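Below, each chain spelled out in residue letters.
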Amino acid sequence: MKIIGHATVLTFGENHQVVEDGAVAFDEKKIHAVGKTDELRKRFPMVKVKNARGKLITPGLINGHMHLYSTFARGISLKDPPAENFTQILETLWWKLDRALKPEDVEYSALIPLLGAIRGGVTSLIDHHSSPHALAGSLETLKKVFRKCGLRGCLCYEVSDRDGTSRKEAGIEENANFIRGLKLENEKDIAALFGLHASFTLEDTTLGRVAELVKGLKCGIHIHAAEDRADLDDARTRGYRSVIDRLHRFGFTGPDSIFAHCVHVDEIDLQTLALTRTNVVHNPRSNMNNAVGCANLEAMIHEKIPVALGTDGFSASPLEDLTVANILHKHQAKDPRKIYSEIWKVFSRNNPSLAHKLFKIPLGTLEEGAGSDLVIWNYDPPTPLTSTNTLGHLLFGLSTSTTQEVICQGKTVYEDGKFSFISEEEESEICAKSRELAKSLWERL
Ligand SMILES: [Zn+2]
């Protein structure tokens, strides 16, 4: 058992509290207590209290939708003329990049953002992976990288018809094998969903097959849904009312599944998502960057849809998307009163409850019985910090602060600028190797 005390503790979760001179008692299995430092000293007199005075403690952050494989796009220059729309962005960048990935690229392109995740206080990431020419075993590779870094990951491989029958079949097999393998492990650090790319790159026959498989595997799916207008147009061409209608008819809606984006949805779609308790993940920076539109977050919260926040590969930390969500929806509605309470709910409650569902243990909240993932931030609030104004400190203070220590599953993975599992020399070797692999990948495009 360890106790970290004398800090300002933010609990997040359903009953968010700010505890001044607070402490957290935990071991590798779970958090045993959260409260005033003096109380915890009395309750656990044999345990030495580590002093974190002047620091802030939060739960480990959760990224609801990530693409680790996108790492090597950083700084890339493309030979094609600039893409004019979302489909062209996929064709000229992402589908070229994922086809060029080799097994070693899969490993390093995951390792780099996971190191960044740790530095940014992120301890759980829900990833969506694609590497059609380094497909078999790719999820096992990602699992090893997550375990090397000591983080929690929910993994999937994005099945699509866009690369032909054999790669679609291999994608289906990759998901099914990985999910079956995890069921035998019974660990709480790695979870899995069945990955699908998006409605517009999937044939009805493929959706039908996957629907049967996920029923047997008793798992949900992770898919991009109604991200761009092109996805909606495609669903209508196929004879469906909408993308959500199509996915619902195949039985993919439900509390175990994640639908990323949901930008092009109408009132009936929102009701379908609400009634089926389907998880939506909002990725504001990605939506703005791809110019696909702005999801109606206010309506989703109003309909009580469980909507969480992700980054869609933009960064490992969702704090930056939280900052952008705050200003995007004001800008979109031309109303500065918008979205404050909604994004606070999304970040402090919905991301934790999504992680809880996937990893089968309370996460993203500091409370007795939750997983022991916590972050000590170098942030001494310069203005009063209370349970009702915490979001202001997240947006304008914590989002630009550094982490002092990051603990996942009770183990310190980062402290004083150093990772516990690699030396500084190894870290610099990893970056050098990554640059070499990225250069070679750019040449292959
Ligand atoms: Zn995505």
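The model shown is predicted, which means the values in this text are computed figures rather than measured ones.

**Student:** Sorry if this is basic, but what is going on with the sheet that holds strand β6 (residues 61-66) here?
**Tutor:** Hydrogen bonds between backbone atoms are what pair the strands of a sheet, whose relative direction is either parallel or antiparallel. Taken in spatial order, the 4 strands of this open sheet run β6-β7-β8-β9, and their pairing is parallel. Looking at the sheet topology across the chains shown, the edges are occupied by β6 and β9 (190-192). Neighbour-to-neighbour, the strand axes of the sheet open up by a mean angle of 15 degrees, direction not taken into account. As paired strands, β6 and strand β7 (residues 122-127) are joined by 4 bridges and run parallel to one another. What sits directly across from N63, in β7, is L125. Along the sheet, helix α4 (residues 138-149) makes contact with β7, β8 (152-155) and β9, crossing β8 at roughly 165 degrees.

**Student:** So what exactly am I meant to see when it comes to the pattern of salt bridges here?
**Tutor:** Any two side chains of opposite charge can pair, given that their charged atoms come close. Enumeration over the complete set of coordinates arrives at 33 salt bridges. Residues R444 and D105 are paired through a salt bridge, measuring 2.9 Å at the closest nitrogen-oxygen approach. Here D105 lies in helix α3 (residues 103-119) and R444 lies in helix α15 (residues 424-444), a separation of 339 residues in the sequence. For R444, a relative accessible area of 32% puts it in the partly exposed group.

**Student:** I'm lost on the nonpolar core in this one. Help?
**Tutor:** One broad trend across soluble globular proteins is that nonpolar side chains are buried collectively. In terms of nonpolar packing, the biggest core is built from 111 residues, with L125, L151, F194, L196, F252, F259 and L322 touching the most fellow members. Here the element with the most residues in this core is α3; it accounts for 9 residues. No fewer than three residues from each of domain 1 (2-60 + 365-409) and domain 2 (61-359) sit in this core. Those residues in contact with F259 that sit more than four places away from it in its chain are I221, I223, A225, I244, L247, F252, T253, L273, T278, N279, V280 and V281.

**Student:** Sorry if this is basic, but what is going on with the coordination of the zinc ion here?
**Tutor:** Ideal geometry at a metal gives 109.5 degrees between four tetrahedral donors and either 90 or 180 degrees between six octahedral ones. Bound to the zinc ion on the protein side are H65 (NE2), H67 (NE2), H224 (NE2) and D312 (OD), at distances that span 2.0 to 2.1 Å. Of note is the zinc ion, whose 4 donor atoms meet at the metal with angles of 92 to 161 degrees in an arrangement that counts as irregular. Read in sequence order, the donor residues coordinating the zinc ion give the pattern H-x1-H-x156-H-x87-D. With H65 in strand β6 and H224 in strand β11 (residues 221-225), this pair connects stretches of sequence that are 159 residues apart. This pair shows no difference in class: H65 is buried, exactly as H224 is.

**Student:** Could you clarify how one ought to interpret the packing of aromatic side chains in this entry?
**Tutor:** In the structure shown here, the tally under the stated rule is 5 aromatic pairs. Their ring planes at 75 degrees and their centres at 6.0 Å tell us that F12 and F347 sit as a pair that is edge-to-face. Of this pair, F12 sits in the loop between β1 (2-10) and β2 (18-26) while F347 is found in helix α13 (residues 340-359), placing the two residues 335 residues apart along the sequence. Taken individually, F12 and F347 each receive the classification buried, so the pair is uniform in this respect. With centroids separated by 5.1 Å and ring planes inclined at 55 degrees, the aromatic side chains of Y414 and F419 adopt a geometry described as tilted. The exposure class of Y414 is buried, given its relative accessible area of 8%. On the basis of relative accessibility, which here comes to 7%, the residue F419 falls in the buried class. Three or more aromatic residues joined by ring pairs form one cluster here, namely F12, W344 and F347.

**Student:** Got a minute to help me understand the domain arrangement of the protein chain in this structure?
**Tutor:** Put simply, an interface is often sized by how much accessible area is lost when its parts join up. Split into domains, the protein chain comes out as domain 1 (2-60 + 365-409) and domain 2 (61-359). A straight line from the C-alpha centre of domain 1 to that of domain 2 covers 30 Å. Tallying the contact residues gives 25 residues for domain 1 and 22 residues for domain 2. Of the roughly 1900 Å² buried at the junction of domain 1 and domain 2 (both faces included), carbon and sulfur atoms supply 66%. Per-residue buried area on domain 1 facing domain 2 is highest for L391, L395 and Q409; these three make up 28% of the total on that side. Put simply, domain 1 and domain 2 have 2 salt bridges between them. Its salt-bridge partner being R349, residue E14 comes within 3.5 Å of it at the nearest N-O pair. On inspection of domain 1 and its partner domain 2, the count reaches 7 residue pairs in polar contact (both at pLDDT 80 or more). Broken down by secondary-structure element, the contributors of at least two residues to the side of domain 1 that touches domain 2 are β5 (56-59), β15 (374-377), α14 (390-396) and β16 (403-408). For the side of domain 1 that touches domain 2, the element with the highest residue contribution is α14, accounting for 6 residues. Residues that form the side of domain 1 that touches domain 2 fall into these classes: 12 nonpolar, 11 polar and 2 charged.

**Student:** Explain a positive patch on the surface here, please?
**Tutor:** Side chains of K183, K188, K218 and K360 sit close together on the surface and give a patch of like positive charge. Locating K183 in the fold gives a position in helix α5 (residues 165-185).

**Student:** Where do I start with a negative patch on the surface in this structure?
**Tutor:** The grouping of E20, D21, D38 and E39 at the surface amounts to a negative patch. Residue assignment for the negative patch shows that the elements contributing at least two residues are β2 and α1 (37-43). Turning to its location among the elements, D21 is positioned in strand β2. Its relative accessible area of 33% is what places D21 among the partly exposed residues.

Conventions adopted
- Counting starts from 1 at the beginning of each chain's written sequence and moves along it residue by residue.
- With pLDDT at 70 or above as the cut-off, local features in this predicted model cover only qualifying residues; side-chain atom pairs require 80 or more to be listed or tallied, and sums for whole chains, interfaces and linings still use all residues.
- Water and hydrogen atoms play no part in the side-chain values, which are based on all heavy atoms of the structure.
- Strand pairing is assigned whenever DSSP identifies at least 2 bridges connecting the two strands.
- In this text, helices come from DSSP runs of H or I with a minimum length of four residues, and strands from runs of E with a minimum of two, each type numbered from the N-terminal end.
- Between N-to-C directions, angles span 0 to 180 degrees; the directions come from axes that are lines fitted to C-alpha atoms, helices contributing only their stretch in contact.
- Contacts are residue-level and defined by heavy atoms, with any inter-residue pair within 4.5 Å sufficient.
- Between Lys or Arg on one side and Asp or Glu on the other, a salt bridge is scored when a side-chain nitrogen of the former is within 4 Å of a carboxyl oxygen of the latter.
- Burial classification: accessible surface area is computed with a 1.4 Å probe over protein chains only, and a residue below 20% of its type maximum counts as buried, one above 50% as exposed, and the rest as partly exposed.
- Nonpolar core, defined: a set of buried Ala, Val, Leu, Ile, Met, Phe, Trp, Tyr and Cys residues in which side-chain atoms within 4.5 Å join the residues together.
- Delimitation of the domains relies on an automatic or database domain assignment.
- Counted as donors are the N, O and S atoms within 2.8 Å of the metal, or 3.2 Å for Na, K and Ca, while water is not among the atoms, so some sites may look incomplete.
- The rule is simple: four donors are tetrahedral if all their angles sit between 85 and 135 degrees, four are square planar and six octahedral if opposite donors span more than 155 degrees and the others lie between 65 and 115, and anything that fits none of that is irregular.
- Here a Phe, Tyr or Trp ring, Trp counted by its six-membered ring, pairs with any other such ring whose centre lies within 6.5 Å, and the pair is stacked when the planes are under 30 degrees apart, edge-to-face when over 60, and tilted otherwise.
- Here's the idea: put two parts together, see how much 1.4 Å probe accessible area each one loses, and the total over both is what we call buried area.
- As used in this structure description, the phrase polar contact means that two N or O atoms lie within 3.5 Å; if the pair is within protein, one of them must be able to donate a hydrogen and the other to accept it, and residues adjacent in sequence are counted only when both atoms belong to side chains.
- Residues are sorted three ways: Asp, Glu, Lys and Arg are charged, Ala, Val, Leu, Ile, Met, Phe, Trp, Tyr, Cys and Pro are nonpolar, and all the rest, Gly among them, are polar.
- Any residue with relative accessible area above 30% and no salt bridge may belong to a patch, with like charges joined within 9 Å and the nonpolar Val, Leu, Ile, Met, Phe, Trp and Tyr side chains within 5 Å.
- To measure how exposed things are, a 1.4 Å probe is used in the Shrake-Rupley method; for residues, cover is taken only from the protein chains shown.
- Positive residues here are Lys and Arg, negative ones are Asp and Glu, while His and the chain termini are left out of the count.
- A single reference atom marks each charge: NZ on Lys, CZ on Arg, CG on Asp, CD on Glu.

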